[in-house]
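Spelled out, the chains give:
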Amino acid sequence: MDDPIATPLPDSLASRRGLRDRFGDTSLRSISGLAAVGVIALITLIIYEVLDQARPSIRIFGISFIWHQTWNAVTNQYGALDFLVATLYVTGLAVLLAAPVAIAIGLYLSELAPGGVRGVVGSLVEMLAAIPSVVLGLWGILVLGPVVHNEFGPWLNDVLGWTPFFATRPISGSTMFTAVLVLTIMIVPITAAISRDLFLQVPPDIKEGAIGLGLTRWEMVRGVMLPYTRGGLISAVLLGAGRALGEAIAVTQVIGTTAHLTANLFETGDTLASRIAAQYQAAASNLQVASLFYLGVILLAISLIVNFAALLIVRRYDIAQRV
Amino acid sequence: MEASGVASISLKSTGRSRRRQRTNHVAQGASIFAAFLAIGVLALVVISVLLRGLKALNLDLFTKNQVTYGETGGGIANGLVGTAIMVAIATAIALPIGILAAVYVAEFGGNRVARVVKLALDVLNGVPSIVVGIFAYALLVVGSGYAAWKASVALAIVMLPLVARSTIEVLRLVPDALRYGSYALGISKWRTVLFVVMPSAIGSVMTGATLAVARAAGETAPLLFTTSIFLPNQIETDPHHAMAAVPLLILFDSESPDASLNNQAWAAAFVLMIFVLVLSLTARYILARRERKLRAR
């Protein structure tokens, strides 16, 4: 490489220590290189292995698996449509709810909060990002579920029952609505912490310049900070979406794990991840197992696309690596 | 703006300025309101988990094993031991590989190679943990059955990108002057890396690893497919057998119709959460302080 060490040592020195050091250099380089190659091999192996296990299902159902709705273990007919739609629906709504709130927290923590509050609330937000999803799911099933069933459900149905989203009252606390709320709570801290870091990276010069021109604080945020951080914010939201897409446990706990192709949030649902988690142990046939792996392939593809999109945008920003 | 005649500008606020001020206040108010609402809800979640957990907490939880279905009482001792062992093995796998890969990227790899490995790490980090679970199942469990070490491998895959990425960041922060100083003394590259660069970075590397441990301790999905769902009711220390784990106990207890099991889930969640929160808060605190120090150098 281009390191100074590459320049040859004087002969006397080189002969005395050359052999051992050459050996040391080569070993460390190859051992660490092996680990690095191992990482690349691992990700390749994951993709290959999941595809390989899904092969029987891919061979029988082909690409039409994606838009077929049946999931029937008796007739051995499988399709992913219900789970795919529910995954995108529930994740999309959670992101829609979480993004503005998370960005508001980021703005508050970077611009508006007084110094002392900043540290305390800032670490509270980071702490929340570390909560295990199974704990959130526990809260979702035992605390949030009954509230959705008895309070939110009837109330939203009374007020907004004319929309397709709240057309019926929930028959239990396990609904897609509960899942949306749990996922929102899960991704707000992650997205908020990244947005705060992004806002803190805006150079003070251009902020002060904007204020100096007579802009109000809000105009400065809208005209300078948001455009400056736009790409970063989009990828922060995408990273949150990636987390929500692949979340299996918390969603399994609260969504009811029965698929319906409906916009009604008070029906039960089932996402790609939660179907895999819920049906794995009960899988009756090889084809069902392969079909669950096929769901895994779809899930992997979606989350890789989302994460790649986030990475491509994030390249240009030096976001602290936290997700 | 129209800054044509300086003399004609009045300093008194006109209707337009008042409107702008009003918009400013409304927007700031909305931002503060949203932030407080969200932080309030999040705090509510944590407090409600902690309170319920605290109420359900008792000594039996730590000393007794889980009981078979239908009996009352019992604890999560078998889960605590299982989680400790599985996470320890996972750390033993992920830590050396993660650190070595990071050393290669930061110290040896040219730009191209480094970028490819970093990309692989980012991709690996984006793989949903349930996919890691079914991958480990397909690779290790099919045909040979459940075992705790297989769960550790799955957890290690979750930890690996976290360890490697934080290590790369830390190594990048070690000032080049340190490396050049060492080279100038005629010290070879491998000695420089191992005895000059690593010692100044190792503290932050370990804190980064602590965050990964905190994450692994709470992971549930990779365990679902690698250590049995029929959790053994006694303490198991042989990694060749299936082990109980705290996150799995919480999952099954939370879905149980039995209220006393629900209570046990709250208590277990309390223990898990305190562990994870203390670990990650301390690590973040130390990391932030060290980074400030390294940057200042």
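Residues numbered from 1 in each chain as written. Chains lettered and ligands numbered in written order. Predicted model: local features only at pLDDT ≥ 70, side-chain atom pairs only at ≥ 80, totals over all residues. Heavy atoms only, no water.

### Details of the overall build of chain B
When you go through chain B residue by residue, the secondary structure sums to eleven helices and zero strands. Computed over C-alpha atoms, the radius of gyration of chain B comes to 26 Å, more than 25% over the 19 Å expected from 2.2 N^0.38 for 297 residues, which places it beyond the range of a compact globule. Burial statistics for chain B: of 297 residues in total, 53% are counted as buried. When contacts within chain B are restricted to residue pairs at least 6 apart in sequence, those whose partners lie at least 24 apart make up 77%. Approximately 13,500 Å² of chain B is accessible, and the part contributed by carbon and sulfur atoms is 64%. Considering chain B, the positive charge centre built from 26 side chains and the negative charge centre built from 14 side chains are found 18 Å apart. (Helix = DSSP H or I, 4+ residues; strand = E, 2+ residues; numbered from the N terminus. Rg over C-alpha atoms; globule rule 2.2 N^0.38 Å. Buried < 20%, exposed > 50% of the residue type's maximum accessible area, 1.4 Å probe, protein only. Contact = heavy atoms within 4.5 Å. Areas by Shrake-Rupley, 256 points an atom, 1.4 Å probe, with all protein chains shown as cover. Lys, Arg positive; Asp, Glu negative; His and termini not counted. Charge placed at Lys NZ, Arg CZ, Asp CG, Glu CD.)

### Some remarks on the interface of chain A and chain B
Taken together, the 80 residues of chain A in the interface contact 84 residues of chain B. Roughly 7,600 Å² is buried in total at the junction of chain A and chain B, and carbon and sulfur atoms are behind 76% of that figure. Across the chain A-chain B interface, the total number found is two salt bridges. Here B:R20 ties to A:E219 by a salt bridge, and the two come within 2.7 Å at their closest N and O atoms. Viewed at the interface, chain B and chain A are joined by ten residue pairs in polar contact (both at pLDDT 80 or more). The greatest single-element share of the side of chain A that touches chain B, amounting to 21 residues, is contributed by helix α1 (residues 11–61) of chain A. (Buried area = accessible area lost by both parts, 1.4 Å probe. Salt bridge = Lys/Arg side-chain N within 4 Å of Asp/Glu carboxyl O. Polar contact = N/O pair within 3.5 Å; in protein donor to acceptor, adjacent residues only side chain to side chain.)

### Digging into the layout of surface pockets
Space inside the second largest pocket adds up to approximately 800 Å³. Here the lining of the second largest pocket is built from residues that sort into 28 nonpolar, two polar and no charged. (1 Å grid on protein atoms, 1.4 Å probe; cavity = no way out; pocket = protein on both sides within 12 Å on 5 of 7 lines; lining within 4 Å. Points joined across faces, edges and corners; volume = space filled by probe spheres on them. Nonpolar A, V, L, I, M, F, W, Y, C, P; charged D, E, K, R; others polar.)

### Remarks on unusual backbone geometry
Residue and element names in this part refer to chain A. You will see that N76, though not glycine, has its phi angle at about 60 degrees, which is positive. By secondary structure assignment, the location of N76 is in the loop between β1 (71–72) and β2 (77–78). Assessed through its relative accessible area of 26%, N76 is described here as partly exposed.

### With respect to the packing of aromatic side chains
Residues and elements named next belong to chain A. If you walk through the whole model with that rule in mind, you get twelve aromatic pairs over all chains. Centre to centre, the rings of W71 and F83 are 5.3 Å apart; their planes meet at 85 degrees, and the pair counts as edge-to-face. With W71 in strand β1 and F83 in helix α2 (residues 81–112), this residue pair connects regions lying twelve residues apart in the sequence. Accessibility assignment for this pair places W71 and F83 in one class, buried. On the numbers, 6.3 Å between centres and 85 degrees between planes, the contact of F152 with F177 is edge-to-face. Residue F152 is found in helix α4 (residues 133–160), and its partner F177 is found in helix α5 (residues 176–201); the two are separated by 25 residues along the sequence. (Phe/Tyr/Trp six-rings, centres within 6.5 Å; stacked < 30°, edge-to-face > 60°.)

### What to know about the side chain of A:T216
Along the polypeptide, A:T216 turns up in the loop between α6 (204–212) and α7 (217–246). Among the residues examined, A:T216 registers a relative accessible area of 7% and is labelled buried. Non-local contacts of A:T216, meaning those with residues more than four positions away in its chain, are made with B:R20, B:Q21 and B:N24.

### Regarding the domain arrangement of chain B
All names here are of chain B. Taken domain by domain, chain B comprises domain 1 (14–56) and domain 2 (60–296). The distance between the C-alpha centroids of domain 1 and domain 2 comes to 34 Å. Between domain 1 and domain 2, the buried area comes to about 690 Å², and carbon and sulfur atoms account for 88% of it. When the buried surface of domain 1 facing domain 2 is broken down by residue, V49, L50 and A56 rank first, second and third, together holding 57% of it. On the surface where domain 1 and domain 2 come into contact, there are zero salt bridges. The interface formed by domain 1 and domain 2 holds zero residue pairs in polar contact (both at pLDDT 80 or more) in total. Considered class by class, the residues forming the side of domain 1 that touches domain 2 number five nonpolar, one polar and one charged. (Domains from an automatic or database assignment.)

### Some details on the pattern of salt bridges
All names here are of chain A. Going through the model one piece at a time under the given rule, you end up with twelve salt bridges over all chains. D158 is the salt-bridge partner of R169, the closest N and O atoms lying 2.8 Å from each other. A residue pair is termed long-range when its members are at least 10 positions apart, and R169 in the loop between α4 and α5 and D158 in helix α4 qualify at eleven residues. On the basis of relative accessible area, D158 is assigned to the exposed category, the value being 55%. One continuous salt-bridge network, built from bridges that share partners, spans E126, R196 and D197.

### Description of helix α5 (residues 129–141) of chain B
Residues and elements named next belong to chain B. Among the 13 residues that make up α5, twelve are buried, leaving the element largely enclosed by the rest of the structure. Within the span of α5, buried status applies to S129, I130, V131, V132, G133, I134, F135, A136, Y137, A138, L140 and V141. Two residues or fewer after α5 comes G143, characterised by a positive phi angle close to 90 degrees.

### Topic: the environment of B:I286
Residues and elements named next belong to chain B. Here I286 lies in helix α11 (residues 259–296). On the accessibility criterion, I286 (28% relative accessible area) is partly exposed. Separated by 79 residues in the primary sequence, I286 and T207 place their C-alpha atoms 7.2 Å from one another.

### Side note on empty space enclosed by the protein
By the definition in use, this model includes two cavities of 30 Å³ or more. The space that makes up the largest cavity amounts to roughly 70 Å³. Lining the largest cavity, in full, are A:L107, A:E111, A:L112, A:R217, A:W218, A:V221, B:N24, B:A27, B:Q28 and B:S31. Broken down by secondary-structure element, the contributors of at least two residues to the lining of the largest cavity are α2 and α7 of chain A together with α1 (15–56) of chain B. For the lining of the largest cavity, the element with the most residues is α1(B), which contributes four residues. For the lining of the largest cavity, the per-class residue count stands at five nonpolar, three polar and two charged. Lining the second largest cavity we find A:V95, A:A98, A:A99, A:I187, A:T191, A:V237, A:G240 and A:A241. At the level of elements, α2, α5 and α7 of chain A are the ones that each hand at least two residues to the lining of the second largest cavity.

### Focus on the nonpolar core
With 172 residues, the main nonpolar core has A:F65, A:I105, A:V135, A:L295, B:I130 and B:I250 as its most contacted residues. Leaving out residues up to four positions away in the same chain, B:I130 has contacts with A:G246, A:A248, A:A273, A:I276, A:A277, A:L299, B:A221 and B:F225. Counting 16 residues, the second largest nonpolar core, distinct from the first, contains A:F199, A:M220, A:V224 and A:L233. (Core = buried A, V, L, I, M, F, W, Y, C linked by side-chain atoms within 4.5 Å.)

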